[in-house]
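One-letter residues, chain by chain:
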Amino acid sequence: MARICAVPLADGVWRIPTSVGDLVNTFALRDPDGSVTLVDAGVRWLGSRRVLAGLAELGARPADVARIVVTHAHIDHTGGLPRLVQETGAAVYSHERDAIYLREGRPPRTNRSSRAARIAARFTPKKLPKVPVTEEVADGTVLPLAGGLRVVHTPGHTPGHISLLHERSGVLITGDAVFNVRGLRWAPAWSCTDPTRNRRAADVLGDLDYQVAAFTHGPEVRHRAREAVRAFLRGRER
Ligand SMILES: [Zn+2]
């Protein structure tokens, strides 16, 4: 059986896995006029290749991609950006606090409070691809695409980390604020700028209105998604 390159989440919204299994995801949203918005770009070579294959599966051409919204400036989300920008001509959107990292090609500082974090820091890449950010967004901005995509600033994993709510379809993209890798869980502390701030900021995800919770790491939750996220945020993981 051919590998599935684009998983439909709702009308006009797909998840495109860009790594092994569901480990790292990009998302595609389609406007009625056929233009496509991507959320994140995956790792450098595999990510961009998988995104292009995913677009082909949903019948979109690279030239249909009008914009790429970046959840945060980490290499597994921005590595594929240079190639995708080159092949699609898309504009790049980022939260104003992470735009500097994309433009300067350096990742934000990570938490070094534990020995494990200091060891992990030695192995994390010191560079990101430099990408021109076309548009800086802020908390509460509703991007006028695919019926409206709301920017929810959830800082901590990085200073400018954002989650995205597609109100029309009821799909929430948590970004790395919450993972769904073998169950809902926090991003590893060593990968965060401020893990405590991340946990506090993610609380807002329990207040939003959505039917599907989609994750940049892990498969989506389609059944009682909001309840599952709320239970996790309350510390009762299930
Ligand atoms: Zn990350």
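Each remark here, short or long, concerns the structure printed above.
Residues numbered from 1 in each chain as written. Predicted model: local features only at pLDDT ≥ 70, side-chain atom pairs only at ≥ 80, totals over all residues. Heavy atoms only, no water.

*Asks:* Would you mind showing me how to read the overall build of the protein here?
*Replies:* Tallying secondary structure elements over the protein gives seven helices and 14 strands in all. Taken over C-alpha atoms, the radius of gyration comes to 16 Å for the protein, in line with the 18 Å a tight globule of 238 residues would show. Dimensions of the protein, computed from C-alpha atoms along their principal axes, come out at roughly 50 × 40 × 40 Å. Here the protein holds 238 residues, and the buried ones make up 58% of them. Looking at the protein alone, contacts between residues at least 24 apart form 62% of all its contacts between residues at least 6 apart. Accessible area for the protein stands at about 10700 Å²; split by element, carbon and sulfur atoms hold 51% of it. (Helix = DSSP H or I, 4+ residues; strand = E, 2+ residues; numbered from the N terminus. Rg over C-alpha atoms; globule rule 2.2 N^0.38 Å. Buried < 20%, exposed > 50% of the residue type's maximum accessible area, 1.4 Å probe, protein only. Contact = heavy atoms within 4.5 Å. Areas by Shrake-Rupley, 256 points an atom, 1.4 Å probe, with all protein chains shown as cover.)

*Asks:* Hey, could you run me through the sheet that holds strand β9 (residues 149-153) in this one?
*Replies:* Backbone hydrogen bonds hold the strands of a sheet together, and the pairing may be parallel or antiparallel. In spatial order, the strands read β8-β9-β10-β11-β14; together these five strands make up an open sheet with mixed pairing. Single-partner strands in this sheet number two, and they are β8 (142-143) and β14 (212-214). Bridge count for strand β10 (residues 162-166) against strand β11 (residues 171-173) is three bridges, and the pairing is antiparallel. Across the sheet, residue L165 finds its bridge partner in β11, namely L172. (Pairing = 2+ DSSP bridges.)

*Asks:* What's the story with unusual backbone geometry in this structure? I'm lost.
*Replies:* Of all residues except glycine, most have a negative phi; of all peptide bonds, most are trans. A positive phi angle, close to 45 degrees, is found at A146, a residue other than glycine. Of note, A146 is situated in the loop between β8 and β9. With phi around 50 degrees, R182 is a residue other than glycine that occupies positive phi space. In this fold, R182 is placed in the loop between β12 (179-180) and β13 (184-185). We classify R182 as exposed; its relative accessible area is 74%.

*Asks:* Hey, could you run me through the environment of K130 in this one?
*Replies:* Here K130 is to be found in the loop between α5 (115-123) and β7 (135-137). A sequence separation of 18 residues divides K130 from G148, and the C-alpha atoms of the two residues are 28 Å apart. Ignoring sequence-local partners within four residues, the contact set of K130 consists of L102, R103, E104 and G105.

*Asks:* Before we go on, may I ask you to explain the packing of aromatic side chains in this structure?
*Replies:* Given two aromatic rings, their pairing is described by the distance between the two centres and the angle made by the two planes. Throughout the structure, instances matching the rule amount to one aromatic pair. Each ring, one from W186 and one from F232, has its centre 4.8 Å from the other, and the planes form 50 degrees; the classification is tilted. Highlighted residues: W186 in the loop between β13 and α6 (195-201) and F232 in helix α7 (residues 225-233), separated in sequence by 46 residues. One exposure class covers both W186 and F232, and it is buried. (Phe/Tyr/Trp six-rings, centres within 6.5 Å; stacked < 30°, edge-to-face > 60°.)

*Asks:* Is there a simple way to explain the pattern of salt bridges in this structure?
*Replies:* In total, this model carries eight salt bridges according to the counting rule given. For D22, the salt bridge is made with R15, and the minimal N-O distance between the two is 3.0 Å. Take R15: its relative accessible area is 3%, and that puts it in the buried class. We note a salt bridge from E167 to R150, for which the minimum N-O separation is 2.7 Å. With E167 in the loop between β10 and β11 and R150 in strand β9, this pair connects stretches of sequence that are 17 residues apart. Note on E167: relative accessible area 41%, which makes it partly exposed. On the basis of relative accessible area, R150 is assigned to the partly exposed category, the value being 28%. One network of salt bridges, in which partners are shared, links R15, D22, E220 and R222. (Salt bridge = Lys/Arg side-chain N within 4 Å of Asp/Glu carboxyl O.)

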